[in-house]
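# Report on the structure
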Amino acid sequence: MLGKKKECIAMILAGGQGSRLFALTQKLAKPAVPFGGKYRIIDYVISNCVNSGVDTVGVLTQYQPLILNEYIGNGQPWDLDRLEGGVTILPPYQKSNSYDWYTGTANAVYQNQHFINRYDPDYVLILSGDHIYRMDYAPMLEFHKQKEADCTIAAITVPIEDASRFGIMNTKADGKIYEFEEKPKNPKNNQASMGIYIFNWKKLSDYLFRDNDDPNSAKDFGKNILPNMLEAGEKMFAFDFEGYWRDVGTIESLWEANMDLLDERLVKDLGGWKVYSRTHGLPPHYIGYGGVVTNSIVSEGGEIYGKIENSVIFPGVKVGAGAYIKDSIIMANTVVAAGAEVNYSILDEDVIVEENARVGEDKSTAAGITVIASGINIGAGYTIEAGKIIDASSKGGAIK
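A few words now on unusual backbone geometry. One non-glycine residue, K183, lies in positive phi territory at about 50°. Secondary-structure assignment places K183 in the loop between β10 (177-182) and β11 (191-200).

Spelled out as structure tokens, the structure:
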């Protein structure tokens, strides 16, 4: 059954395992990882869609989808609980005689062509669910139409030493792409793909069918679809983006992106329009006698009696008298008891750091970011060394 025709719909790729986030993604998909004191990573891309006037969004899930599915729900927090369009969760498509996992980003969209065809769109916007940025997609779509392009790729300038981590585009003066290299060892420039694509839907559909029939394909946009389109002479353009954008696929980049929220120079770049989220509904945070907060974000429901410096504190966090938190991310409902110290660390939800325990060490001397998985109890007086990752499989006196 066809829905109301849409000019453009969005498909958000949110099924990745996020293995480089280690303990933080053992029980949930990477786009569902908490971020910025009150959000989850996927809030940014969904909010971008809403703020850009894209009201029909498919979210393609696979790995550990339960929390992500529950969080998105019917889309009401993003004003996407609509009869025509709205947000739809799209797990791997179950056929009559088999159940096929998504085998790549292109295959995920291929398996959901039935959803796209319901709205008979002229254009499809392909997005990643694990990037932090603010972007109005409307100018990019207008650019795509003006160029009469078959595919437009959002591009951002990255440091040349990081270029080998991205899909790199070589373009002419008008932005037309004449070469695309996926994670080249020796990149020719630093114009990187942001993983944001606009396709003419009929054109993309044709390439998805061909790709599905190719036994040698990785079923991936960067490795297969884009190079195949370029080789066939399709009109492909780069749309330059100037603003904040970060892939938060590693512990280090997740920590850095949270810390960026504390940087006065980036506040305007990440603010300016609303980032929608499913709120906790807790009362305002409370800073008691002895509580000191410096250059930090403290969300609702917290009780702060200790000292917090340069950190991001999620809802419901309790910080005891004499406790000290610095350069850290403390996720929801975690307790840092009296006299405890947390330094250059990421503590997942529902962690307990008992009295006088020590987690991590000062950033200037630490071997790396310390990570504590959800539900872990760090015993009184116990020390977790810098750079350690403590999850449910960890042994020793730290775990209760």
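For the rest of this paragraph, the subject is helix α6 (residues 201-212). Here α6 contains 12 residues, and its C-alpha end-to-end distance of 16 Å stays within 8% of the 16 Å for a straight helix at 1.5 Å per residue. Looking at α6, one finds that the buried residues are W201, L204, S205, Y207, L208 and D211. One face of α6 carries all of its buried residues, which in axial projection span an arc of 165°.

Reading across from one edge, β14-β17-β20-β23-β26-β29 is the order of the 6 strands in this open sheet, with parallel pairing throughout. Two strands bound the open sheet, and with one partner strand each, they are β14 (286-287) and β29 (377-378). As defined by bridge partners, strand β23 (residues 335-336) adjoins strand β26 (residues 352-353) across 2 bridges and the pair is classed as parallel. Looking across to β26, one finds that V336 is bridged to V353.

Overall, the coordinates contain 14 aromatic pairs when judged by the stated rule. An aromatic cluster of three or more residues is present, and its members are F35, Y39 and Y44. We note R40 situated over the ring of Y71; from NZ or CZ to the ring centre the distance is 5.2 Å. For the cation-ring pair, R210 lies above Y207, with the distance from its terminal atom to the ring centre recorded as 4.6 Å.

Space inside the largest pocket adds up to approximately 1,400 Å³. The set of elements that each furnish at least two residues to the lining of the largest pocket consists of α3 (105-110), β8 (151-157), β11, α7 (221-231), β13 (245-247) and α8 (251-260). No other element matches the 4 residues that β11 contributes to the lining of the largest pocket.

Moving on: the pattern of salt bridges. Applying the stated criterion to the full structure yields 14 salt bridges. The shortest N-O distance in the salt bridge between D55 and K6 comes to 3.3 Å. Note that D55 is positioned in the loop between α1 (42-51) and β4 (56-60) and K6 in the segment before β1 (8-13), a separation of 49 residues in sequence. Taken together, the shared-partner salt bridges connect K5, D120 and D122 into one network.

The next subject is the pairing of β11. With 10 of 10 residues buried, β11 lies mostly within the body of the structure. Sheet topology note: the strand β6 (residues 123-128)/β11 ladder contains 4 bridges and is antiparallel. For V124, the partnering residue across the bridge sits in β11 and is F199.

Turning next to the sheet that holds strand β21 (residues 324-326). In spatial order, the strands read β15-β18-β21-β24-β27-β30; together these 6 strands make up an open sheet with parallel pairing. Whereas interior strands pair on both sides, the edge strands pair on one side only; in this sheet they are β15 (292-294) and β30 (383-384). Pairing of β15 with strand β18 (residues 307-309), which is carried by 3 bridges, proceeds in the parallel orientation. Among the inter-strand pairings, V293 is bridged to a residue of β18, identified as I308.

Attention now goes to the packing of α6 against α7. The geometry of α6 relative to α7 is characterised by a closest axis approach of 11 Å and an angle of 120° between their N-to-C directions. When the axes of α6 and α7 are compared, the pair comes out oblique. Crossing angle aside, the handedness with which α6 passes α7 is right-handed. Here K203, L204, Y207, L208 and D211 of α6 come into contact with α7, specifically with F221, N224, I225, N228 and M229.

With that settled, consider the nonpolar core. With 54 residues, the main nonpolar core has F35, L254, I346, L347, V353 and I372 as its most contacted residues. Within the residue set of this core, elements represented by two or more residues are α8, β19 (312-313), β22 (329-330), β25 (345-347) and β28 (370-372). If sequence neighbours within four positions are ignored, I372 has contacts with I346, L347, D348, V351, V359, I378, I384 and I390. Counting residues in each nonpolar core, the second largest holds 46 residues, with A29, I72, I168 and F237 among its members.

Once that is clear, we can look at the environment of T334. Position of T334 relative to the elements: it lies in the loop between β22 and β23. Along the primary structure T334 and G281 are separated by 53 residues, whereas in three dimensions their C-alpha atoms are 17 Å apart. In this structure the side chain of T334 is engaged in a polar contact, spanning 3.4 Å, whose partner is the backbone nitrogen of D350.

This part is about the side chain of E300. Considering the arrangement of structural elements, one finds E300 in the loop between β16 (297-298) and β17 (303-304). In this structure, E300 is buried with no salt-bridge partner, the nearest side chain bearing the opposite charge being K38 at 5.6 Å.

Turning next to a positive patch on the surface. A cluster of basic residues, R20, R165, K183 and K223, forms a positive patch at the surface. Among the structural elements, R165 can be located in the loop between β8 and β9 (167-171). Judged by relative accessible area, R165 falls into the partly exposed class, the value being 47%.

Let's shift gears to the pairing of β8. In summary, the side chains of a regular strand alternate between the two faces of the sheet. Most of β8 is tucked away, with 6 of its 7 residues classed as buried. The pairing of β8 with β11 spans 6 bridges and is classified as antiparallel. The residue bridging T157 from the neighbouring strand is Q191, located in β11. Two elements, β8 and strand β12 (residues 236-240), share 5 bridges in a ladder whose sense is parallel. Paired with A155 across the two strands is D240, which belongs to β12.

Each value, and the rule that gives it
Residues numbered from 1 in each chain as written. Predicted model: local features only at pLDDT ≥ 70, side-chain atom pairs only at ≥ 80, totals over all residues. Heavy atoms only, no water. Helix = DSSP H or I, 4+ residues; strand = E, 2+ residues; numbered from the N terminus. Expected span 1.5 Å × (residues − 1). Buried < 20%, exposed > 50% of the residue type's maximum accessible area, 1.4 Å probe, protein only. Arc of directions from axis to C-beta. Pairing = 2+ DSSP bridges. Phe/Tyr/Trp six-rings, centres within 6.5 Å; stacked < 30°, edge-to-face > 60°. Lys NZ or Arg CZ within 6 Å of the ring centre and 35° of its normal. 1 Å grid on protein atoms, 1.4 Å probe; cavity = no way out; pocket = protein on both sides within 12 Å on 5 of 7 lines; lining within 4 Å. Points joined across faces, edges and corners; volume = space filled by probe spheres on them. Salt bridge = Lys/Arg side-chain N within 4 Å of Asp/Glu carboxyl O. Axes fitted to C-alpha atoms, helices over the stretch in contact; angles between N-to-C directions. Parallel < 35°, antiparallel > 145°, perpendicular 65-115°, else oblique. Left-handed = near helix turned anticlockwise from the far one by under 90°. Contact = heavy atoms within 4.5 Å. Core = buried A, V, L, I, M, F, W, Y, C linked by side-chain atoms within 4.5 Å. Polar contact = N/O pair within 3.5 Å; in protein donor to acceptor, adjacent residues only side chain to side chain. Lys, Arg positive; Asp, Glu negative; His and termini not counted. Patch = residues over 30% accessible without salt bridge, like charges linked within 9 Å, V, L, I, M, F, W, Y side chains within 5 Å. Areas by Shrake-Rupley, 256 points an atom, 1.4 Å probe, with all protein chains shown as cover. Charge placed at Lys NZ, Arg CZ, Asp CG, Glu CD.

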